[in-house]
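Listed below, chain by chain, are the residues.
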Amino acid sequence: MARVFNFCAGPAALPETVLEKAAAEMLDWQGKGLSIMEMSHRSPEYVSVAKKAEQDLRDLLVIPDNYKVLFMQGGASAQFAMIPMNLLRGKKSADYINTGQWSAKAIKEAKNYCDVNVVASSEDKGFSYAPAQLGLKLNPDAAYVHYTPNETIGGVEFEYIPDTGDVPLVADFSSSILSAELDVSKFALIYAGAQKNIGPAGLCIVIVREDLLGDVIKGTPTTMDYKVVADNGSMYNTPATYSWYLAGLVFEWLKEQGGVTAMNVINLRKAKKLYDYIDASGFYANPVARNNRSIMNIPFTLKSDALDAGFIKEADARGLLNLKGHRSVGGMRASIYNAVSEQAVDALIAFMQDFASRNA
Ligand SMILES: *Cc1c(COP(=O)(O)O)cnc(C)c1O
C-alpha cells in the first residue's frame, strides 16, 4: 500500500525511514531476540537507548548543562497542572499570555493552584496574532510567565521570545519544538507533547533549569515532582519506553538531516510556498497576522464553506489526509511538521490549484 501525505495536527506524520527502522527492529532489537518494548527499562540496553536519545536532543537544541531533560507521561495537558505545582515555589500568582485554545487550557488548569493574571490576550481579534512585548502587563511578583509560542489550532506563532526580566519564562512548545533553532537559556522551562514534532504520543519532554527544582506545593504526586523525575533519570517509575525509543530514532534522523538549522530552512520554504499560494489564489484565505503566521500549522478557509466537505473528500481520494480544521474553528488546516516533506506540500498546492479552478 502506498503511503499517503498526512497533514494531521497530532498525532502527526513520522519520518518514513524512522518507521522502517522501527519495523525492522520490532521483533528482534539489535540481535537480542526481543522487542525493545519487551525489555526492562533498567536493562543496560534500554538505558543506553534512553541516554542516547537525551544526548541527541541536547545536541540538537544545544541545551545548556544546567538544564534537566525529563521524559514524562500525561501529555502536554498534564504539564498545565505540573507547572504551577512545581514552579509556584511559595508565590501566589502566575502570569499567562492568552493566544488561543491551548493557552486558555493552560490558564484554566493553573487556576486550580494559584491566581492567574492574563497579562495579554489576542482574543479581541479572534486569536489571529501574538501580543507584542510592549503590551505585556507583567507582574514582578509572578512565580513565572507562561505562553504558547505556537498555537496549533489557530496557526499563530510568536515572532519573538518575551522578555520577562527575572521572572522565569515557561513555554509550551508542543507544536514547534525542533522546527527552528532555540536559545534554551532564555527559558526557565520548555515542554512539548511528543506527538507533533518529536515522536509518538505517550511522551512529553520537559526541559527545565535545575535551580527551579525541589520546592513543590503540598500534595504534588511523587511522579509529578520534577526533582524526583530528574534525580531518577526519568525512571522513578516505568517511562513510556517505546515512545522514548522512537523519539530517539527521530532525533537521529534530525541529526542526519543536518539538525534544526537545516530543518528550519526546509520548513520556511514549505510554509512560504503554501502561504504565497493561499494569498495569491483569491480562493483560499488565512486570517493570521503576517508576522505571526505559523510555519508548522497553516489554517485556511475556502471561498465558501459550502465547499469544505467536497474539498476534504477529494483531498482524501488523492491521498492528502487530515486537512479538516479543528472542530472549534472549522475550515482547513495543514500541519506541516518536520516529517511532512516538501513533496507533500507541493502535492497539496497542486490539488488546491486544481480544486480552485474547478470551483471558482
Ligand atoms: C497538542 C497540544 C497540546 C496538548 O497535548 P496533549 O499531549 O494531548 O496533552 C498542548 N499544547 C499545544 C500547543 C498542543 O499543540
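First, a word on scope: everything that follows refers to the structure included in this document.

Quick look at unusual backbone geometry
Next, step 1: The linkage connecting G10 with the following residue, P11, adopts the cis geometry, with an omega of -10°.
Next, step 2: Checked against the element boundaries, P11 lands in the loop between β1 (5-6) and α1 (16-24).
Next, step 3: A positive phi is found at N322, a non-glycine position, where the angle reads about 65°.
Next, step 4: If you trace the backbone, N322 turns up in the loop between β12 (320-321) and β13 (332-335).
Next, step 5: In this structure N322 comes out as partly exposed when scored by relative accessible area, which is 39%.

So, the packing of helix α8 (residues 308-317) against helix α9 (residues 342-359)
Next, step 1: The contact between α8 and α9 brings their axes to 11 Å, and the two run at 135°. As far as their axial angle goes, α9 and α8 are oblique. Viewed along their axes, α8 and α9 form a crossing whose handedness is right-handed. Packed against α8, whose contacting residues are G310, F311, E314 and A315, the element α9 presents F351, M352, F355 and R358 at the interface.

Considering the site of the ligand
Next, step 1: In the vicinity of the ligand, 13 residues are found, and the nearest of them are S77, T152, D172, Q195 and K196.
Next, step 2: Within the side chain of T152, one N or O atom sits 2.4 Å away from an oxygen atom of the ligand.
Next, step 3: K196 has a polar side-chain atom sitting 2.7 Å from an oxygen atom of the ligand.
Next, step 4: Relative to its unbound accessible surface of 390 Å², the ligand loses 87% to contact with the protein.
Next, step 5: Ranked by residues supplied to the shell around the ligand, first place goes to helix α3 (residues 75-87) with four residues.
Next, step 6: The class makeup of the residues in the shell around the ligand is three nonpolar, eight polar and two charged.

With respect to the packing of aromatic side chains
Next, step 1: Taken as a whole and assessed by the stated rule, the structure comprises 17 aromatic pairs.
Next, step 2: Centroid distance Y147 to F158: 4.8 Å. Interplanar angle 80°. Geometry classified as edge-to-face. Here Y147, found in strand β5 (residues 145-147), pairs with F158, found in the loop between β7 (156-157) and β8 (169-172); they are 11 residues apart in sequence, far enough to count as distant. For the pair Y147 and F158, one class covers both residues: buried.
Next, step 3: An aromatic cluster is built from Y277, F283, Y284, F300, F311, F351 and F355, whose rings are joined through pairwise contacts.
Next, step 4: Over the ring of Y129 we find K125, and its NZ or CZ is 5.5 Å from the ring centre.

What counts, and at which threshold
Residues numbered from 1 in each chain as written. Predicted model: local features only at pLDDT ≥ 70, side-chain atom pairs only at ≥ 80, totals over all residues. Heavy atoms only, no water. Helix = DSSP H or I, 4+ residues; strand = E, 2+ residues; numbered from the N terminus. Buried < 20%, exposed > 50% of the residue type's maximum accessible area, 1.4 Å probe, protein only. Axes fitted to C-alpha atoms, helices over the stretch in contact; angles between N-to-C directions. Parallel < 35°, antiparallel > 145°, perpendicular 65-115°, else oblique. Left-handed = near helix turned anticlockwise from the far one by under 90°. Contact = heavy atoms within 4.5 Å. Near = heavy atom within 4 Å. Polar contact = N/O pair within 3.5 Å; in protein donor to acceptor, adjacent residues only side chain to side chain. Areas by Shrake-Rupley, 256 points an atom, 1.4 Å probe, with all protein chains shown as cover. Nonpolar A, V, L, I, M, F, W, Y, C, P; charged D, E, K, R; others polar. Phe/Tyr/Trp six-rings, centres within 6.5 Å; stacked < 30°, edge-to-face > 60°. Lys NZ or Arg CZ within 6 Å of the ring centre and 35° of its normal.

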